[in-house]
There are 2 protein chains.
Amino acid sequence: MIAIRPTAPEDEAAILHIASSEPLFDGDDVACIRELLTDYLTRPDHNGYFFLTAHDAGRPVAFACYGPTPLTLGTFDLYWICVDRTRAHRGVGRALIQRVEQEVTQAHGRLIVVETSGLESYAPTRAFYEGIGYQRVAEVPDFYGPGDSLVIYAHHLRTA
Amino acid sequence: MIAIRPTAPEDEAAILHIASSEPLFDGDDVACIRELLTDYLTRPDHNGYFFLTAHDAGRPVAFACYGPTPLTLGTFDLYWICVDRTRAHRGVGRALIQRVEQEVTQAHGRLIVVETSGLESYAPTRAFYEGIGYQRVAEVPDFYGPGDSLVIYAHHLRTA
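None of the values given here were measured: they were computed from a predicted structure.

### So, the side chain of threonine 69 of chain A
Locating threonine 69 of chain A in the fold gives a position in the loop between β3 (59-68) and β4 (75-83). Of note is the side chain of threonine 69 of chain A, whose polar atom sits 3.1 Å from the side chain of aspartate 77 of chain A.

If you want it as structure tokens, here you go:
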């Protein structure tokens, strides 16, 4: 049984463990997640970063980080989503995204934007977004590095 | 005679005046520029934001803000460039961009990315980037707001 809640301080170690165990993430990625998580947990304004943790049988198995995109009207970035690989393919990622969409809708968001890589190793990530109906709207060649493009997905939310 | 230098603390008021006087910028834009400029002038690591000021006859007439794009290899964002409108069309913007390109090259950058708006009011901005050979590589509809797309330009630097 999956339960999704705003991330609590006691989830921090588990989230960093999940991120560190993810083969697609390198040390800079994990350092970035750690920094945003610290902002979320310690700053009154969260510095604009919000975290959700998915628990299975009381244990954190996935997290998402999202927040309003600066200088936009109602656009939110889904900065990170990561599922413990031993828990993947069980609907956890999809449930987490749905909860992000609910939270963004409540915050009067209208558009969710996701940035990911065009590398072959990210094909399952892109397939995941395409499978839940996110639209591939743009690509910037060589963005992350030579031969490693930025792929942008967008999803319009139904307004209330 | 245009002189371009790293922005000094004594340029701060003039830069914020130039930004506030720019019809395309709103209060949030100016607040963002103020925050990044404070980071640049006060933090030892500049928080990854670098400013250049263009002076004409000793008076600041334009500025640029750029920095390495997090989690990329050699990509730099040109976050802001703004020329005093009474000084526009005199090559100041072009000279400033060339200096940014030199600085980025020295910092081992290989790609400059610029994000701007697809609104009609930004047509001169887009024409400026296209005129200096920047490539329009992507567009994200409704990014800044309904009907206000994100347009992304990219420029590969010649590596030494």
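Let us keep going from here.
### Brief notes about the relation of the copies chain A and chain B
The two copies are related by a screw operation: chain A maps onto chain B through 180° of rotation and 0.0 Å of translation along the axis, at an RMSD of 0.0 Å. Here the transformation between the copies is reduced to the relation of a two-fold axis. When C-alpha distances to the rotation axis are compared across chain A, the minimum falls at alanine 138 of chain A, with a value of 2.6 Å. A high fraction, 100%, of the interface residues of chain A reappear at the interface in chain B, so the copies pair face to face through one surface.

### Focus: the side chain of aspartate 29 of chain B
By the secondary structure assignment, aspartate 29 of chain B is in helix α2 (residues 27-42). For the buried aspartate 29 of chain B, which has no salt bridge, the nearest side chain bearing the opposite charge is arginine 85 of chain B, at an N-O separation of 11 Å. There is a polar contact of 2.9 Å between the side chain of aspartate 29 of chain B and the backbone nitrogen of aspartate 26 of chain B. Beyond its immediate chain neighbours, meaning those up to four positions away, aspartate 29 of chain B contacts Leu71 of chain A together with Leu24 and Trp80 of chain B.

### Overview of the sheet that holds strand β7 (residues 148-156) of chain A
All names here are of chain A. With respect to topology, seven strands assemble into an open sheet ordered β1-β2-β3-β4-β5-β7-β6, the strand pairing being mixed. In the strand order of this sheet, the two ends are held by β1 (2-6) and β6 (135-145), each with one partner. Averaged over all neighbouring strand pairs, the angle between strand axes comes to 25°, with direction disregarded. Pairing of strand β5 (residues 111-117) with β7 involves seven bridges; the strand directions are antiparallel.

### Looking at the packing of helix α1 (residues 12-21) of chain A against helix α2 (residues 27-42) of chain A
All names here are of chain A. Relative orientation of the contacting elements α1 and α2 amounts to 160°, with a least axis distance of 10 Å. Compared by their axis directions, α1 and α2 come out roughly antiparallel. You can see that α1 and α2 cross each other, and the crossing is right-handed. Contacts from Glu12, Ile15, Leu16, Ala19 and Ser20 of α1 reach α2 at Val30, Ile33, Arg34, Leu37, Thr38 and Leu41. Each residue belonging to the contact of α1 with α2 can be placed in one class, and the counts come to seven nonpolar, two polar and two charged.

### Looking at the environment of isoleucine 4 of chain B
All names here are of chain B. Its place among the elements puts isoleucine 4 in strand β1 (residues 2-6). Along the sequence, isoleucine 4 and leucine 52 sit 48 residues apart, while their C-alpha atoms lie 6.7 Å from each other. Once residues within four sequence positions are removed from consideration, isoleucine 4 is found in contact with Leu52, Thr53, Ala54, Ala95, Leu96 and Arg99.

About the criteria used
Residues numbered from 1 in each chain as written. Chains lettered and ligands numbered in written order. Predicted model: local features only at pLDDT ≥ 70, side-chain atom pairs only at ≥ 80, totals over all residues. Heavy atoms only, no water. Helix = DSSP H or I, 4+ residues; strand = E, 2+ residues; numbered from the N terminus. Polar contact = N/O pair within 3.5 Å; in protein donor to acceptor, adjacent residues only side chain to side chain. Least-squares fit on C-alpha atoms with pLDDT ≥ 70 in both. Contact = heavy atoms within 4.5 Å. Buried < 20%, exposed > 50% of the residue type's maximum accessible area, 1.4 Å probe, protein only. Lys, Arg positive; Asp, Glu negative; His and termini not counted. Salt bridge = Lys/Arg side-chain N within 4 Å of Asp/Glu carboxyl O. Pairing = 2+ DSSP bridges. Axes fitted to C-alpha atoms, helices over the stretch in contact; angles between N-to-C directions. Parallel < 35°, antiparallel > 145°, perpendicular 65-115°, else oblique. Left-handed = near helix turned anticlockwise from the far one by under 90°. Nonpolar A, V, L, I, M, F, W, Y, C, P; charged D, E, K, R; others polar.

Purely geometric stuff here, so don't read any function into it on its own.
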